[in-house]
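# Secondary and tertiary structure notes
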Amino acid sequence: MPKLRKQSALQRQRIMRQHLHSYRERNLNDDRLRNSQQLATRRQDPEYRENERERDRAAHSTRRQAVNYRSAEQERDILAHSILRMNSSYRATEQARDALAHANRRMDPTYREEEQQRDTLAHSVRRMDPTYREEEQQRDTVAHSMRRRDPTYREEEQERNTLAHSIHRMNATFREGEQERDTVARSVRRMDPTYREEEQQRDTLAHSIRRMDPTYREEEQQRDTLSHSIRRMDPSYREEEQQRDTLAHSIRRMDPTYREEEQQRDTLVHSIRRMDPAYRGEERERDSLARSIRRQNEEYRQVERERDTAMHRVRRRNPVFRIMEQERNTSARRVTRQVAMQMQEAENRMRSCRVLIHRMNPTNRENINMRQALRSSARRRNLSPDSRSQQQIQDTLRCRARIISNFCNIIKSGPTEVCICCGGLWFVTQIKTLRKTFVLQKYPNLSTVFFLSDQFPSDNDIYKFCNTCHKIINAGKVPSMCLSEGLHFPAIPSELQGLTSLEESVL
Ligand SMILES: [Zn+2]
């Protein structure tokens, strides 16, 4: 038997706890059930419940101050929450609750602002992840394309974009950057032949539409003309242009239709230009020069002759051409004859003039007369008496015929000259002239002898008089038959007016 020793209070307390523990181990369920029943009973008292909750809250907050406890609790909560969320009805309820709470919170502007800042920050952080960025862009693109299917939205969007763009463009820097971007983008796009072709078609169509406006067309032509004239100032450009034109022209000329039209055009233009005599003359000179240069080549000359002969032979087979050629030849011969005749006449006239001039010299004239007299006397000395008398008769007849011929020539046109002193009608050979200034200077009192000078005015101050009047005036007297001596005609009655001076004198 073990020796009983007096136990201390601490030992007794430990033993008692061990007994209680072993008892609890043995009667676990009974004990818990009893406790639960006691607790449930006590909890039916609201006051106890309230106190218990306060105790729990206080105990909980105390426990939470420990970091380990807190993290463990959170893990537990997350786990429990995720389990709860597996229930769809719970999830829906929770979302509704959250949405309501969020909406309530958002009514506070301060909260709203903070939330936006948070969201912006979070978003920018998320965007740092390229994968997230790409997915977001895809989402945005899809959403945008969906929205764009609505024409109203599309229209509004375009208006917004246009407005925003026009505002941006007011900034010169933006404008410059935009132009550079556009230029680069266009040059990149243009590397694609398909795009290039479509663009050209678009441009061509738009240009042709714009060109339907006459004003635009005119302005465009002026612009083109100006720029072309500026470019042409560069000799190298001019040369290249000419080469291009020549090449293009030679290609076009390969088409027989084009060639024919071109020839018709050229012929028409040439015929119009030829209407200008100056152009015609220059053209002839050019042609003559070119032909004379070509003809200096003997081979060319020979070929030309053969060609001409052959062509002439062919042409002559045509009867009409033959007749025309004969007419031409006849006409040419006639012209040649006329020219020769005119030259001969001119030469004769020159010779006559020379003879006249020679004869006007008194010495020459005397020599000629002397020679003629010598010749005549020599001829007469050699004649027989009968022949001499016959010759004298013939000379007399010839002299008479000459006098009659001269007389006939003179009176053929009748007495046509008027003496301005006596008013008489005279033949040309019966008229002498006086200079009025000279007469009046010598005899100032003879002004009346120029009685008809108003009717027969003279441009050179020279007036015509009959032999009688001329002789008397030269003696410084007024002729007795002068019209100023009361012999002038009375005033012409109305029925005789309109007669010529000659007719009046006849009356
Ligand atoms: Zn007279």
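As a starting point, this report considers the structure included with it. Everything quoted here is computed from the prediction, not taken from an experiment.

With that out of the way, let us pick up unusual backbone geometry. Leave glycine aside and you will find that most residues have negative phi; peptide bonds, for their part, are mostly trans. For Asp461, which is not glycine, the phi torsion reads 70 degrees and is therefore positive. Looking at the element boundaries, Asp461 is found in the loop between α19 (436–442) and β4 (462–466).

Let us look at the nonpolar core. Counting residues in hydrophobic clusters, the biggest one holds 18 residues, and the most contacted among them are Cys419, Ile420, Cys421, Phe465 and Cys469. Sorting the residues of this core by element identifies β4 and α20 (467–474) as the ones contributing at least two each. Setting aside residues no more than four positions away along its own chain, Cys419 makes contact with Gly424, Trp426, Lys464, Phe465, Cys466 and Cys469.

To continue, consider helix α5 (residues 88–106). Side chains three or four residues apart in an α-helix point the same way, a direct result of the helix having 3.6 residues per turn. Under the 1.5 Å per step criterion, the end-to-end length of α5 is 26 Å for 19 residues, consistent within 8% with the ideal 27 Å. Little of α5 is tucked away, with zero of its 19 residues classed as buried.

The next point concerns the pairing of β4. Within a regular strand, side chains alternate between the sheet's two faces. Burial analysis of β4 places four of its five residues in the buried class, the great majority of the element. Of the strand pairs in this sheet, strand β3 (residues 431–435) and β4 are connected by five bridges, and their pairing is antiparallel. Paired with Ile431 across the strands is Cys466, a residue of β4.

With 18 residues, helix α13 (residues 256–273) should cover 26 Å at 1.5 Å per step; its first-to-last C-alpha distance of 25 Å lies within 8% of that length. Taking burial as the measure, the 18 residues of α13 include zero buried ones, a minor fraction of the element.

Let's shift gears to the environment of Arg49. Mapping Arg49 onto the fold places it in helix α3 (residues 46–64). Taking the number of C-beta atoms within 10 Å as the measure of exposure, Arg49 has 12 and is therefore exposed.

A few words now on the environment of Leu39. Here Leu39 lies in helix α2 (residues 28–43). Judged by the 12 C-beta atoms lying within 10 Å of it, Leu39 is exposed. The sequence separation of Leu39 and Met146 amounts to 107 residues, and the corresponding C-alpha distance is 62 Å.

Thresholds applied
Numbering of residues begins from 1 in every chain and follows the order in which that chain's sequence is written. pLDDT decides what is reported in this predicted model: residues at 70 or higher carry local features, side-chain atom pairs at 80 or more are listed and counted, and totals for whole chains, interfaces and linings draw on all residues regardless. Segments assigned H or I by DSSP are reported as helices when at least four residues long, segments assigned E as strands when at least two residues long, and all are numbered from the N terminus. In plain words, the nonpolar core is the set of buried Ala, Val, Leu, Ile, Met, Phe, Trp, Tyr and Cys residues that C-beta atoms within 7 Å link up. Exposed residues have 12 or fewer other C-beta atoms within 10 Å of their own C-beta, buried residues have 20 or more, and residues in between are partly exposed; the C-beta atoms are placed from the backbone. Contact between residues is assigned whenever the C-beta positions, reconstructed from backbone atoms, fall within 7 Å. To estimate how far a helix should reach, multiply one less than its number of residues by 1.5 Å. Each pair of strands is called paired provided DSSP finds at least two bridges between the two strands.

What is shown is where atoms sit, not what they do.
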